[in-house]
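Listed below are the residues making up each chain.
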Amino acid sequence: MSHQISENVILQANHLVKCYSQRSGRFGFGSSQVKALDDVSISLKAGSTLAVVGESGSGKSTLARCLLQLHPFDSGEVIFEGQDLAKLQGPALRNVRKYLQMVFQDPFASLNPRMKVGEIVGEGLLIHGMGSAAEQKQKMLQMLLRVGLSADDALKYPHQFSGGQRQRIGIARALVLNPKVVVCDEPVSALDVSVQAQILLLLKELQQEMGLSYIFISHDLRVVRHVADEIIVMHKGKIVEQGAVEAIYNAPQQIYTQQLLSAIPGRKVA
Amino acid sequence: MSEILKIANLSITPHNAPNRLLVNNVSLTLSAGKTTCIVGESGSGKSLTALSIMNLLSKQLQASGNIVFQGQDITKLDEKSLQSIRGAKIGMIFQEPMTSLNPVLTVGFQIGESLTAHLGLKGQALKDKIAALLTQVGIPAERANSYPDELSGGQRQRVMIAMSIACEPALLIADEPTTALDVTVQAQILQLLDALKTRMNMAMLFITHDFGVVADIADDVIVMFRGEIVETGSKKEVLTKPKHPYTKALLACVPDAEGKKQLKPIDYAWLKDGLKDDKATA
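Chains are numbered independently. Their residues run from 1 in the order of the written sequence. The naming scheme follows written order: chains are lettered A onward, ligands numbered 1 onward. Given that the model is predicted, a residue must reach a pLDDT of at least 70 before its local features are reported, and side-chain atom pairs must reach 80 or more before they are shown or counted; all residues, however, enter totals for whole chains, interfaces and linings. In computing side-chain properties, one takes all heavy atoms of the structure into account and sets aside hydrogens as well as water.

Colleague: Which residues make up the interface of chain B and chain A, and what are the values?
Modeller: The contact rule is simple, with two residues in contact once any of their heavy atoms fall within 4.5 Å. Residue-level contacts link 30 residues of chain B with 25 residues of chain A. Once two parts are put together, the accessible area they lose, assessed with a 1.4 Å probe and summed over both, is termed the buried area. Between chain B and chain A, the buried area comes to about 2500 Å², and carbon and sulfur atoms account for 60% of it. When the area that chain B buries against chain A is broken down by residue, the three leading residues are Val183(B), Pro255(B) and Ala257(B), summing to 23%. Here, a salt bridge means any Lys or Arg side-chain nitrogen found within 4 Å of an Asp or Glu carboxyl oxygen. Scanning the region where chain B abuts chain A turns up 1 salt bridge. By the criterion applied in these results, polar contacts are pairs of N or O atoms within 3.5 Å in which, for protein atoms, one can donate a hydrogen and the other can accept it, and in which residues neighboring in sequence qualify only through two side-chain atoms. Viewed at the interface, chain A and chain B are joined by 7 residue pairs in polar contact (both at pLDDT 80 or more). Helix and strand definitions follow DSSP, with helices as H or I runs of at least four residues and strands as E runs of at least two, each counted in order from the N terminus. Of all the secondary-structure elements, those providing two or more residues to the side of chain B that touches chain A are α7 (183-200), α8 (211-217) and α9 (235-240) of chain B. Looking at which element gives the most residues to the side of chain B that touches chain A, the answer is α7(B), with 5 residues. Of the residues that constitute the side of chain B that touches chain A, the class distribution is 15 nonpolar, 7 polar and 8 charged. Each residue gets one of three labels, nonpolar for Ala, Val, Leu, Ile, Met, Phe, Trp, Tyr, Cys and Pro, charged for Asp, Glu, Lys and Arg, and polar for the others, Gly among them.

Colleague: Account for the domain arrangement of chain B, with residues named and values stated.
Modeller: Residue and element names in this part refer to chain B. As assigned here, chain B comprises domain 1 (3-101 + 170-240) and domain 2 (242-282). When each unit is reduced to the centre of its C-alpha atoms, the spacing between domain 1 and domain 2 is 23 Å. On the domain 2 side, the residues contacting the 12 residues of domain 1 number 12 residues. When domain 1 packs against domain 2, the two sides together hide about 1100 Å² of surface, and 64% of this comes from carbon and sulfur. The largest contributions to the domain 1 side of the interface with domain 2 come from Phe-211, Phe-225 and Glu-231, which together make up 44% of the buried area. For the pair domain 1 and domain 2, the interface holds 0 salt bridges. The tally of links between domain 1 and domain 2 comes to 4 residue pairs in polar contact (both at pLDDT 80 or more). Domain delimitation follows an automatic or database domain assignment.

Colleague: Lay out the pairing of strand β7 (residues 171-175) of chain B with the relevant residues and their values.
Modeller: All names here are of chain B. Throughout this description, buried means an accessible area under 20% of the type-specific maximum (1.4 Å probe, protein chains only), exposed means over 50%, and partly exposed covers the range between. Of all 5 residues that make up β7, 5 are buried, and the element is covered over most of its length. Where burial is concerned, the two faces of β7 agree: the one with Leu-171, Ile-173 and Asp-175 and the one with Leu-172 and Ala-174 are both buried. Relative to β7, strand β6 (residues 90-93) is paired through 4 bridges, and the arrangement is parallel. Within β7, the position partnered with Ile-93 by the bridge is Ala-174. Of the strand pairs in this sheet, β7 and strand β8 (residues 203-208) are connected by 5 bridges, and their pairing is parallel. Looking at the pairing, Ala-174 lines up with Phe-206 of β8. Here is how to tell: hold the view so the strands point away, follow the path from the first strand over the helix to the second, and if it runs clockwise the crossover is right-handed. In this fold, the crossover linking β7 to β8 by way of α7 has right-handed handedness. Between any two strands, at least two bridges found by DSSP are needed for them to pair.

Okay, here's the thing in structure tokens:
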């Protein structure tokens, strides 16, 4: 089966639907359905950054997880390099996964505290059997240096690092496999503004060097303005507006987008 | 313009490491009807400064210096006299509304606690006052019977605000009250706090790390870095004409909504030299 996909689109999702059932009513005996994703379609152009913005509960993290097949979805398809990921299983899915990586929000919860940084970053190479042990180590060390850590850091544990450094470890772990698409789920929202600027610049440099395509999930519209090429605005599981950054920020069409933009703090001064 | 709180030479150190200054010689003055924002990165000492006002510091920390509230040095008061000030004359709002509310008590009961303790309100008078407070912060009065988990994050923060203003305090301390909230809710809460401050002529000490929030709510700004105040001034002075190299560097990290600015991370090594130069010229 072949899928219609335009030339430079690297990842495309069509009509994704994901429902959660929720206990409701008296004593939680009833149940009701919450549509976390309601007919969501996106396409990510190669080498570009697509930002997904929305408030908590809008479905943006669910979308990220469904794209990477970390959550099963109810219906729809996710097409990467001509294959529908939802139809892949086992080794075939694992093989594709090395091209699709994720950087998580919480740099404290997403790194195994019992593993050394070198093991965390090198684990993907090991699992995917990429190169000999020596090559893997070489690659892991190169990646650590690239994200601004040192070779000595490979022997340390995550708790020995600050929040910003941990996020660098998370980025190294995702990028060591030479992925094509990286989903960043609120990668800077747990960080101080000075560290946030460092990480944003690092992500941008790496994108240019490695030709990465980013899906950037964020609730911070100021950050999004700096990193995104295109934007999707989500509200209650639906896409309410999408388009190029300039267009959305300068002339938002939907009332919800206008509300979001006018709520950005600090528009009065500066 | 009346002075509500004056902190002079406040220093905070851990008991077991008296040379480690977590807060170093901080002095500031808060006036009625004015909002003063303390901005800084994590670890800059902004929350410790706020907590020390109410003597809520951890037992492992030791504070020195004077804190004069309405003409009275409150560092010399015993716990009982402090209790009559806490919640009555000084209100406080914390960052995480879920962890600061008791999950097994209705929000009405929790708002009522300080009214009974400080003002001796009971019965119908208490109920009326709780209803009035809830209405004032934009929550329907019948929500008094709800439990915290039945409310959204923004509503919980409104309940926290109702609790903190229940006894009409002269000073309201807000420690990152909107950090955990969505932007649209944040905008509403900031508006509410600003309106209450004006109506009740409170002094407000607002702690945040977000310069956007500062721009929206502050009259005066204090910038803290590694336990020290590096710059103070009016909002306009600090945001548009920062003097200190750290303030300049911190402002250069803040992404703007127009996306025109080139982000520049702080170079701490350079900053250290910059600080030295600064002291040399001063």
